[in-house]
Amino acid sequence: MKKILITGSKGFIGKNLIERLNRTENIEILTFDIENSIEELEKNIKSADFIFHLAGINRPENLEDFYKGNSDLVGSLISILEKNSLNTPVLITSSIHADKDNDYGKSKL
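Residues numbered from 1 in each chain as written. Predicted model: local features only at pLDDT ≥ 70, side-chain atom pairs only at ≥ 80, totals over all residues. Heavy atoms only, no water.

Quick look at the packing of helix 2 (residues 38-47) against helix 4 (residues 71-83)
Packed helix pairs are specified by the crossing angle of their axes together with the interaxial distance, meaning the distance between the axes. Our working rule: Axis definition: a line fitted to C-alpha atoms, over the contacting stretch in the case of helices. Angles run 0 to 180 degrees between N-to-C directions. Here a helix means four or more residues in a row that DSSP labels H or I, a strand means two or more in a row labelled E, and each is numbered from the N terminus. Oblique is the label for every angle not falling under 35 degrees (roughly parallel), over 145 degrees (roughly antiparallel), or within 65 to 115 degrees (roughly perpendicular). Crossing handedness is read from the near helix: turned anticlockwise from the far helix by less than a right angle, it gives a left-handed crossing, and turned clockwise, a right-handed one. The contact definition used throughout considers only heavy atoms, calling two residues in contact when any of these lie within 4.5 Å. Three classes are used, and their members are as follows: Ala, Val, Leu, Ile, Met, Phe, Trp, Tyr, Cys and Pro are nonpolar, Asp, Glu, Lys and Arg are charged, and the others, Gly among them, are polar.
At a minimum axis distance of 10 Å, the contact between helix 2 and helix 4 shows a crossing angle of 50°. Between helix 2 and helix 4, the crossing angle belongs to the class labelled oblique. The handedness of the crossing between helix 2 and helix 4 is right-handed. Counting all contacts with helix 2, which are made through Ile-38, Leu-41, Glu-42 and Ile-45, the residues of helix 4 involved are Leu-73, Ser-76, Leu-77, Ile-80, Leu-81 and Lys-83. Each residue belonging to the contact of helix 2 with helix 4 can be placed in one class, and the counts come to seven nonpolar, one polar and two charged.

In structure tokens, the structure reads:
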């Protein structure tokens, strides 16, 4: 059985991807969202065969949350993979806003 981790699992794309993958045999879905801890993320990454990284912040209450939920989270994901010498494939969604000269664009870049 393949284990697939989906970050941003409660977002629009995450929920729909889970719905579709639930109709596929031999797949166990692991989830990570804003309520989960980095420790939970690490546990899931260690057992995942593939990662869909869909998590991100686009309407934060303060500008710092752009970086925490976007670039910092990607950094944590990569750090966990490197620390554990994992070569797990990761699909990282990008944003058409990465070329914008604002905090959202900078955090997505």
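So much for the structure itself; the text now carries on.
Remarks on the nonpolar core
Cut-off, in case you're wondering: Nonpolar core, defined: a set of buried Ala, Val, Leu, Ile, Met, Phe, Trp, Tyr and Cys residues in which side-chain atoms within 4.5 Å join the residues together. Any residue under 20% of the maximum accessible area for its type is buried, any over 50% is exposed, and the rest in between are partly exposed; the area is computed with a 1.4 Å probe on protein chains only.
Core analysis: the largest hydrophobic core is formed by twelve residues, namely Leu-5, Leu-30, Phe-32, Leu-41, Ile-45, Ala-48, Ile-51, Ala-55, Leu-73, Leu-77, Ile-80 and Leu-81. Contributing elements (two or more residues each) for this core: strand 2 (27-32), helix 2 and helix 4. When residues in this core are grouped by element, the largest group, four residues, is from helix 4. Excluding residues within four positions of it along the chain, Ile-45 makes contact with Leu-5, Ile-51, Leu-77, Ile-80, Leu-81, Leu-86 and Thr-88. Listed in part, the seven residues of the second largest apolar core include Ile-4, Leu-17, Leu-21 and Phe-52.

Thoughts on the pairing of strand 3 (residues 50-53)
Rule in force here: Following DSSP output, two strands are said to pair if at least two bridges run between them.
Two elements, strand 1 (residues 2-7) and strand 3, share four bridges in a ladder whose sense is parallel. Bridge assignment links Ile-6 to a residue of strand 3, and that residue is Phe-52. Where strand 3 lies against strand 4 (residues 90-92), three bridges are found, and the strand directions are parallel. Bridge pairing in strand 4 links His-53 to Ile-92.

Regarding the layout of surface pockets
What counts, and what does not: For cavity detection a 1 Å grid was placed over the protein atoms alone, and a set of points counts as a cavity when a 1.4 Å probe fits there but cannot get out; an open set counts as a pocket when protein lies on both sides within 12 Å along at least five of seven lines, with lining residues being those that have an atom within 4 Å of a point. Grid points are joined across faces, edges and corners, and a volume is the space filled by probe spheres set on the points.
For the largest pocket, the calculated volume is near 790 Å³. Considering the residues around the largest pocket, the lining is formed by 26 residues, among which Leu-54, Ala-55, Gly-56, Ile-57 and Gly-69 are closest to the centre. Mapped by element, the contributors of at least two residues to the lining of the largest pocket are helix 1 (12-21), helix 3 (64-69), helix 4 and helix 5 (103-108). By residue class, the composition of the lining of the largest pocket is ten nonpolar, ten polar and six charged.

Side note on the environment of Tyr-104
Looking at where Tyr-104 falls in the secondary structure, it is placed in helix 5. Residue Tyr-104 is classed as buried on the basis of its relative accessible area of 19%. Sequence separation of Tyr-104 and Asp-65 is 39 residues, and the distance between their C-alpha atoms is 9.6 Å.

A look at helix 2
For clarity, the threshold we go by: The arc in question is formed by the directions pointing from the helix axis toward the C-beta atoms.
Within helix 2 the residues assigned to the buried category are Leu-41, Glu-42, Asn-44 and Ile-45. Along helix 2, the residues classed as buried sweep out an arc of 165° about the axis, all on the same side. Residues of helix 2 that are exposed and angled more than 90 degrees away from the buried face: Glu-39 and Lys-43. Buried residues along helix 2 sit in contact with strand 1, strand 2, strand 3 and helix 4.

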